[in-house]
Amino acid sequence: MVAVPALVTKTVDRLSAEFDKLSTTQKYAVGVAGGVASLYLVGSLLFKSSDNSKPSTFELTGGSIEASKVKAEFDAYSDSYGKNAGEGIVDRSKTVHLVDVFYSLVTDIYEWGWGQSFHFSPKLPHKDLRASEAAHEARIAALLRLRPGMKALDCGCGVGGPMRTVASVSGAHVTGITINQYQVDRAKHHNAKQGVAPLTDVVRGDFLNMPFKEGTFDGAYAIEATCHAPKLEGVYGEIFRVLKPGGYFVSYEWVSTHKYDPKNPEHVRIIDEINFGNGLPEMRTWKEAENAGKNVGFDLVMSFDLANASVVAGPWYERLRMGKYTHAINHGIVSTVDALGLAPKGLKEVHHMLVEVAKSLIQGGETGVFTPMHLLLFRKPESAQ
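Just so we're clear, the structure is a prediction, and the values are computed from it rather than from any experiment.

Cut-offs used in this document
- Residues numbered from 1 in each chain as written.
- Predicted model: local features only at pLDDT ≥ 70, side-chain atom pairs only at ≥ 80, totals over all residues.
- Heavy atoms only, no water.
- Helix = DSSP H or I, 4+ residues; strand = E, 2+ residues; numbered from the N terminus.
- Buried < 20%, exposed > 50% of the residue type's maximum accessible area, 1.4 Å probe, protein only.
- Areas by Shrake-Rupley, 256 points an atom, 1.4 Å probe, with all protein chains shown as cover.
- Pairing = 2+ DSSP bridges.
- Right-handed = clockwise from strand over helix to strand, strands pointing away.
- Contact = heavy atoms within 4.5 Å.
- Expected span 1.5 Å × (residues − 1).
- pLDDT = per-residue confidence, 0-100.
- Phe/Tyr/Trp six-rings, centres within 6.5 Å; stacked < 30°, edge-to-face > 60°.
- Lys NZ or Arg CZ within 6 Å of the ring centre and 35° of its normal.
- Core = buried A, V, L, I, M, F, W, Y, C linked by side-chain atoms within 4.5 Å.
- Salt bridge = Lys/Arg side-chain N within 4 Å of Asp/Glu carboxyl O.
- Polar contact = N/O pair within 3.5 Å; in protein donor to acceptor, adjacent residues only side chain to side chain.
- Disulfide = S-S within 2.5 Å.
- Axes fitted to C-alpha atoms, helices over the stretch in contact; angles between N-to-C directions.
- Parallel < 35°, antiparallel > 145°, perpendicular 65-115°, else oblique.
- Left-handed = near helix turned anticlockwise from the far one by under 90°.
- Nonpolar A, V, L, I, M, F, W, Y, C, P; charged D, E, K, R; others polar.

## A closer look at the overall build of the protein
At step 1: Scanning the protein from terminus to terminus reveals 14 helices and 8 strands.
At step 2: When each of the 385 residues of the protein is scored for burial, the buried share is 55%.
At step 3: A total of about 15800 Å² of accessible surface is found on the protein, and carbon and sulfur atoms cover 54% of it.

## Here's the deal with the pairing of strand 4 (residues 217-223)
At step 1: Of all 7 residues in strand 4, 7 are buried, a share of seventy percent or more.
At step 2: Across 3 bridges, strand 1 (residues 151-155) lies against strand 4 in parallel orientation. Bridged to D154 within strand 4 is Y221.
At step 3: In this sheet, strand 5 (residues 243-256) lies alongside strand 4 in parallel orientation, the contact comprising 6 bridges. Looking across to strand 5, one finds that A220 is bridged to F249.
At step 4: Viewed along the sheet, the connection from strand 4 through helix 10 (residues 232-242) into strand 5 turns out right-handed.

## With respect to the environment of V174
At step 1: Topologically, V174 is positioned in strand 2 (residues 173-178).
At step 2: Since its relative accessible area comes to 0%, V174 is described here as buried.
At step 3: It is 4.7 Å that separates the C-alpha atoms of V174 and A152, two residues lying 22 residues apart in sequence.
At step 4: Setting aside residues no more than four positions away along its own chain, V174 makes contact with A152, D154, M163, V166, A167, L199, T200, D201 and Y221.

## Focus: helix 14 (residues 347-367)
The α-helix advances 3.6 residues per turn, and as a result positions three or four apart in sequence lie on the same side.
At step 1: With 21 residues, helix 14 should cover 30 Å at 1.5 Å per step; its first-to-last C-alpha distance of 30 Å lies within 8% of that length.
At step 2: Just downstream of helix 14, G368 is the residue with a positive phi angle, here 80 degrees.

## Focus: the confidence of the model for the protein
At step 1: For the protein, per-residue confidence averages 83 on the pLDDT scale, and 82% of positions sit at 70 or higher.
At step 2: Every residue in residues 1-17 is under pLDDT 50, and counting partners more than four places away or in other chains gives 44 contacts.
At step 3: The model gives residues 24-57 a pLDDT under 50, and that stretch makes 102 contacts with residues more than four places away or in other chains.

## Focus on the packing of aromatic side chains
At step 1: The full count for this structure, using the stated rule, is 19 aromatic pairs.
At step 2: Judged by centre distance (5.1 Å) and plane angle (90 degrees), the rings of F212 and F217 are edge-to-face.
At step 3: Their ring planes at 90 degrees and their centres at 5.3 Å tell us that W316 and Y317 sit as a pair that is edge-to-face.
At step 4: Given the relative accessible area of 3%, W316 is considered buried.
At step 5: Its relative accessible area of 12% is what places Y317 among the buried residues.
At step 6: Among the aromatic residues, those joined into a cluster by ring pairs are W114, F120, W254, W316, Y317 and F370.
At step 7: It is K380 that lies over the ring of F240; its NZ or CZ is 4.8 Å from the centre.

## Quick look at the nonpolar core
At step 1: Within the largest apolar cluster, 65 residues are counted, with the highest numbers of intra-cluster contacts made by V106, Y221, W254, L320, V350, L361 and F370.
At step 2: The element that contributes the greatest number of residues to this core is helix 6 (residues 95-113), accounting for 9 residues.
At step 3: One finds L232, V235, V242 and A384 within the second-largest nonpolar core, a separate group that totals 25 residues.

## Topic: the pattern of salt bridges
At step 1: According to the stated counting rule, one finds 16 salt bridges in the structure shown.
At step 2: With its nearest N and O atoms 2.7 Å apart, the salt bridge here joins E366 to R321. Residue E366 is found in helix 14, and its partner R321 is found in the loop between strand 7 (299-305) and helix 13 (324-339); the two are separated by 45 residues along the sequence.
At step 3: Here E366 falls in the partly exposed class, since its relative accessible area comes to 46%.
At step 4: Among the charged side chains, a network of salt bridges with common partners joins R92, E282 and R284.

## Brief notes about unusual backbone geometry
Residues other than glycine predominantly adopt negative phi, and peptide bonds predominantly adopt the trans conformation.
At step 1: In this structure, H126 takes a positive phi of about 60 degrees despite not being glycine.
At step 2: When you line up the elements, H126 lands in the loop between helix 6 and helix 7 (129-143).
At step 3: We classify H126 as exposed; its relative accessible area is 86%.
At step 4: Its identity is not glycine, yet R145 carries a phi of approximately 60 degrees, on the positive side.
At step 5: Relative to the helices and strands, R145 resides in the loop between helix 7 and strand 1.

## Re the side chain of Q116
At step 1: Note that Q116 resides in the loop between helix 6 and helix 7.
At step 2: Polar contacts involving the side chain of Q116 include one to the side chain of H190, which spans 3.5 Å.

## Considerations on the state of the cysteines
A disulfide bridge is the covalent bond that connects two cysteines by way of their sulfur atoms.
At step 1: Scanning the entire structure with this criterion turns up 0 disulfides.
At step 2: The thiol of C157 is not disulfide-bonded; the next cysteine sulfur, from C155, is found 9.1 Å away.

## Quick word on the packing of helix 10 against helix 12 (residues 286-295)
At step 1: Contact pair helix 10 / helix 12: the axes reach a minimum separation of 9 Å and the direction vectors enclose 45 degrees. Relative to helix 12, the element helix 10 lies oblique. The handedness of the crossing between helix 10 and helix 12 comes out as right-handed. Across the interface between the two elements, L232, E233 and Y236 from helix 10 touch A289, A292, G293 and N295 from helix 12.
At step 2: Residues belonging to the contact of helix 10 with helix 12 are distributed by class as follows: 4 nonpolar, 2 polar and 1 charged.

Here it is, written out as structure tokens:
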């Protein structure tokens, strides 16, 4: 559920000197984080953040998983994926549990190294990453026609970064749902600290069986989240149920593009690695995602890939690139903290998984066979019962 500061990549000596100044907890955070998170974790520690919601020290944990069980849970997660090309999660009935485990393992790493919005964004010209991220989220509020007094659903809300943007820019009330209790706790903490609690709520639940009555929400959205469903029709059908007639649903979907060739072993390898490193049961095509919405009763209003929609926006995957010095430092640090027992056993393996999937995501973006932001806008017919 992603440009490289020049200072980070130019000189290892500067990084080492700055690392020596960090507190023990911050050094621990740098060591464990990696892959998707590592570059911006280092950056967040080198430069004092203006984001008051980020604590000065932060303990990386296994989320809802006890520290002593992290390795066993990660091993079970790894074993759940088939060994054959394109197989994905073998027992799809375990998908919900595996996604819960995945986010317990990575939430702290994502939050420290990436931020509170667990998604990619096109890099807008002359805008920094946070501004680009906020624009990507604010588009949701506009597409849903949200305004004060309306109610919206964030399906797969993570720790609530997009929720806070959507609620703040629209004035609508946003309820988020996530399968992971640790994320519920983190989201509520941030909502209260940032002053948006009056416009937000967060519940734990399975988005395949949501605890809401029919026709509860005026609009709904999912940002890189419904890709975790064992079957898209399952989650799309639930969203259809809880939407009011005439309501809009917008999703930024992880899908393979028209450039993907299932007979190309390299394409298949890239997609398989993306699935494994991100807790996905399989990768759908953009056309399958369109059809899933229509199959449950939605009218398709709009469908296009935001990754290449603007000729002036930067690639979504540039944020993942890691300089060789940064990679060497992170590898050395994570190996050290693991050897010294400063991190729960198993987080080294999580670190390695995230490092490898960052490479696969970049390859998916460069080849154009994958996008994390195919925009789908659906509408529930006024006549729907």
